[in-house]
Amino acid sequence: LLGDQQRGEEQSEDDAEIFRAWYAGKGKLMVNLLGSLFCLILVLGLDLWLIPGKGIRGAAIASSIAYGSTALYYVTRFCLSTKRSPLALFLMRGKDWKIMKDIYQQALKRRT
């Protein structure tokens, strides 16, 4: 159980990292500051609430919720600032499938 939660936590953190880098590159550091502050408040509040009753599992749940919520914050801010649909970020289009096919074919060539 904890291993699955930790992997989910790491994935959410990686997802948010992409958006933090984009905002830093655009010079919008206040967005990153607010996202980090939001995450800190969530982690601290949820830890104080969940750890006494659930121990390490409570800490894992708190971190997963906080990092997932922070990733959602960055996705929302990105979509609002670029006027893109959230679906456009996560659905693959024809060009994306072609890129994936090319990467797969190159990987197969390297194996043989």
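Everything discussed here concerns the structure shown above.
Residues numbered from 1 in each chain as written. Predicted model: local features only at pLDDT ≥ 70, side-chain atom pairs only at ≥ 80, totals over all residues. Heavy atoms only, no water.

This part takes up the overall build of the protein chain. In terms of regular secondary structure, the protein chain is built from five helices and zero strands. Seen in sequence order, the protein chain has helices and strands lined up from the N terminus as α-α-α-α-α. For the protein chain, with 112 residues in total, the buried portion stands at 25%. Taking all contacts inside the protein chain whose residues are at least 6 apart in sequence as the whole, residues at least 24 apart take part in 65%. Accessible surface for the protein chain amounts to roughly 8,300 Å². Of this, 65% is attributable to carbon and sulfur atoms. (Helix = DSSP H or I, 4+ residues; strand = E, 2+ residues; numbered from the N terminus. Buried < 20%, exposed > 50% of the residue type's maximum accessible area, 1.4 Å probe, protein only. Contact = heavy atoms within 4.5 Å. Areas by Shrake-Rupley, 256 points an atom, 1.4 Å probe, with all protein chains shown as cover.)

One pass over the structure, following the stated rule, counts three salt bridges. For E17, the salt bridge is made with R20, and the minimal N-O distance between the two is 2.5 Å. Of the two residues, E17 and R20 are both situated in helix 1 (residues 2–25); the distance of three residues between them amounts to about one turn of the helix. Taking the shortest distance from any N to any O, the salt bridge between D102 and K98 comes out at 3.0 Å. Separated by four residues within a single helix, D102 and K98 lie in helix 5 (residues 94–111), roughly one turn from each other. The class of D102 is partly exposed, set by a relative accessible area of 29%. Judged by its relative accessible area of 52%, K98 falls in the exposed class. (Salt bridge = Lys/Arg side-chain N within 4 Å of Asp/Glu carboxyl O.)

In this section: unusual backbone geometry. One non-glycine residue, K83, lies in positive phi territory at about 55°. As for its position among the elements, K83 is in the loop between helix 3 (56–82) and helix 4 (86–90). Of the residues examined, K83 reaches a relative accessible area of 75% and is grouped as exposed.

Turning our eyes to something else, we now look at the nonpolar core. With 10 residues, the main nonpolar core is built from A16, F19, Y23, V31, A71, Y73, Y74, V75, F78 and C79. Sorting elements by how many residues they give to this core places helix 3 first, with six residues. Y73 has contacts with V31, L34, G35 and F38, leaving out every residue within four places of it along the chain. (Core = buried A, V, L, I, M, F, W, Y, C linked by side-chain atoms within 4.5 Å.)

Together, M30, L33, L34, L37, L40, I41 and L44 line one region of the surface with nonpolar side chains, adding up to about 680 Å² of accessible area. Mapping L34 onto the fold places it in helix 2 (residues 29–54). Look at L34 and you get partly exposed, because its relative accessible area is 39%. (Patch = residues over 30% accessible without salt bridge, like charges linked within 9 Å, V, L, I, M, F, W, Y side chains within 5 Å.)

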